[in-house]
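Chain residues, written in single-letter form:
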Amino acid sequence: MQSVLFAVGEGVFLTGSAVFFTQIVGLSAAQVGLGLTVAGVVSFFFAVPLGKVADRIGPKRMWCLGSVGGALLYLVWPLINGFPSFVGMMIVLEVVNTAGWSGRGAYTIDVFPREERVQSQAFMRAALNVGFTFGALIGGLALALNSDDVIRVVPLLTGGILLVNAWFISRLPDAVHDKAPAEPEQLVSPAALRNRGFLGLMACDGVLASNQVLLNVVIPLWLVEETDAPRVLLAWLFATNTVMAVLLQVSAARGVNSVASSLRAARISASFFVLSCFIVLVTHDTLGWVTIALVWLGHVTVTGAELFQSAAHWGFLSELSDPTRLGEYQGAAHIGGTAGGVWAPAVYTFLAMEWGTPGWLMIAAIVVVATLGMGPASRSAQRYLAAEPARATA
C-alpha cells in the first residue's frame, strides 16, 4: 500500500512536470535538462555519506525523514521562479530523495527474512507500477483542463499525498538496525567504497540497467526516425511495459535468493537485452505490420531485460551488503550504478542513430562484456566481506 501511495503522488507530478517547469517556472527544455543533470551530479557525492547516516540513526528513521523532507519541498514548488531557484530546488530535492531511498533500501533488506527479500522487492516494484499508472491518470486529467492554476495545484497535491505516505512509513515496524543502530566506532572507515568488487559489480549492473535507456529513449527515437511504424505505437509500447512490470516482476524474481541465482538472473537479462538489439536493428528495412510486430517484440524483450535485471540487482544487494553497513552499501550501489550507466543515453543514441546495424551490435557487445565481468566482481565482493571481520578486529 505504501508503494502504491508513494507512486501515485510522484506520478501525478511527473506527468505534468514538463508543463509545470516550462509554463509555470518559465524554463526552456535545455534549462530543465541542465538542472536535472546538476542535481544528479551533486547527489552522487552525497550517496555514501547519507547511507552512513542511515546506518547511524536507523534505516526507517532515515526513510521517514527523507519522505517528510521531499513532501515539504513539493509544497514549495509553486514559489519557485526562474532557473537559479529551480537548480537550487532540484539539488535539495535530489539530496533529500537520495537520503530517503538509502533508508528505504536498507530498511527493506533489514526488515525481511533473507529468503523473502527479493520477492518482497518484486511485489513492491509491481505495486509502484500500479501507483504510477494511477498517478499518470490523475496528472493527465489535470493537464486536460488546460489551466495554469490547476497545474500550480499539482505539486501541492503531490506534497499532500507524500506527507500521508511519510506518516504510513512512520507506522511501519522498526527494523533490526532501527532498534540498535550502528555505533560511531563501527562506521569509522568507508568500508563499502573499499569493496572494489562490489563497486565493480554495481557498475556492471548499471550497464545492464541501461535497458531503461533503450526502453525510454533509443527505441522510441528509432521508431520515429528510422522505421515506417506509426507514432501511436509508442503508447502501446509503454502500456505493454507497464502491464508486464505489474504482472511478471514477481515471477521474474522467483528463486533469486543467492549470488549464484542473481548471476543467473543477470545473464537472462543480458540475453533479453541482446535479443532486443538484434530484433530492433532489422526494422530499418521492414515494412508495415512486420515493422510494427518486430518493434513491439523488441520492446517486450527489453522489458524482459528490465524484469530480470531488477531481480538480480536486489539479490546482489541482499547477499553482498555488509549487514552492519546496509545504508552505506546502498550509497555505494548508487555510485557504482551511476558510473555504469550515466554515459548510456548519449552513447547508445549515437551508436543506434548514427551507426545503424554496427551500432546496435556494439550496444549488444557492451552488455555482454559487462555481464561477463559480473562473475569475477561478485566473487571479489564475497572475499572482501569474508575478510572484513578480521580487518575490523585488527
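Heads up: the structure comes first, above all this text.
Below or above, wherever it landed, is the structure these notes cover. The model shown is predicted, which means the values in this text are computed figures rather than measured ones.

**Notes on the packing of aromatic side chains**
In this structure the tally under the stated criterion is 19 aromatic pairs. With a centroid separation of 5.5 Å and an interplanar angle of 90 degrees, the aromatic rings of Trp-222 and Trp-360 are classed as edge-to-face. Of this pair, Trp-222 sits in helix 10 (residues 211-226) while Trp-360 is found in helix 16 (residues 357-393), placing the two residues 138 residues apart along the sequence. Judged by its relative accessible area of 2%, Trp-222 is buried. Given the relative accessible area of 0%, Trp-360 is considered buried. By way of ring pairs, the aromatic residues Phe-13, Phe-20, Phe-21, Tyr-74, Trp-77 and Phe-86 are connected into one cluster.

**Thoughts on unusual backbone geometry**
In this model, Asn-146 sits at a positive phi of 55 degrees, which is unusual for a non-glycine residue. Within the secondary structure, Asn-146 is located in the loop between helix 5 (117-144) and helix 6 (148-170). Of the residues examined, Asn-146 reaches a relative accessible area of 72% and is grouped as exposed.

**Regarding the packing of helix 2 (residues 29-57) against helix 14 (residues 326-341)**
Relative to each other, helix 2 and helix 14 sit at 165 degrees, their axes nearing to 6 Å. Accordingly, the angle class assigned to the pair helix 2 and helix 14 is roughly antiparallel. Crossing handedness for the pair helix 2 and helix 14: right-handed. Facing Ser-43, Phe-44, Ala-47, Val-48, Gly-51, Lys-52, Ala-54 and Asp-55 of helix 2, the residues of helix 14 in contact are Leu-326, Gly-327, Glu-328, Gly-331, Ala-332, His-334, Ile-335 and Thr-338. Grouping the constituent residues of the contact of helix 2 with helix 14 by class yields seven nonpolar, six polar and three charged.

Thresholds applied
- Residues numbered from 1 in each chain as written.
- Predicted model: local features only at pLDDT ≥ 70, side-chain atom pairs only at ≥ 80, totals over all residues.
- Heavy atoms only, no water.
- Phe/Tyr/Trp six-rings, centres within 6.5 Å; stacked < 30°, edge-to-face > 60°.
- Helix = DSSP H or I, 4+ residues; strand = E, 2+ residues; numbered from the N terminus.
- Buried < 20%, exposed > 50% of the residue type's maximum accessible area, 1.4 Å probe, protein only.
- Axes fitted to C-alpha atoms, helices over the stretch in contact; angles between N-to-C directions.
- Parallel < 35°, antiparallel > 145°, perpendicular 65-115°, else oblique.
- Left-handed = near helix turned anticlockwise from the far one by under 90°.
- Contact = heavy atoms within 4.5 Å.
- Nonpolar A, V, L, I, M, F, W, Y, C, P; charged D, E, K, R; others polar.

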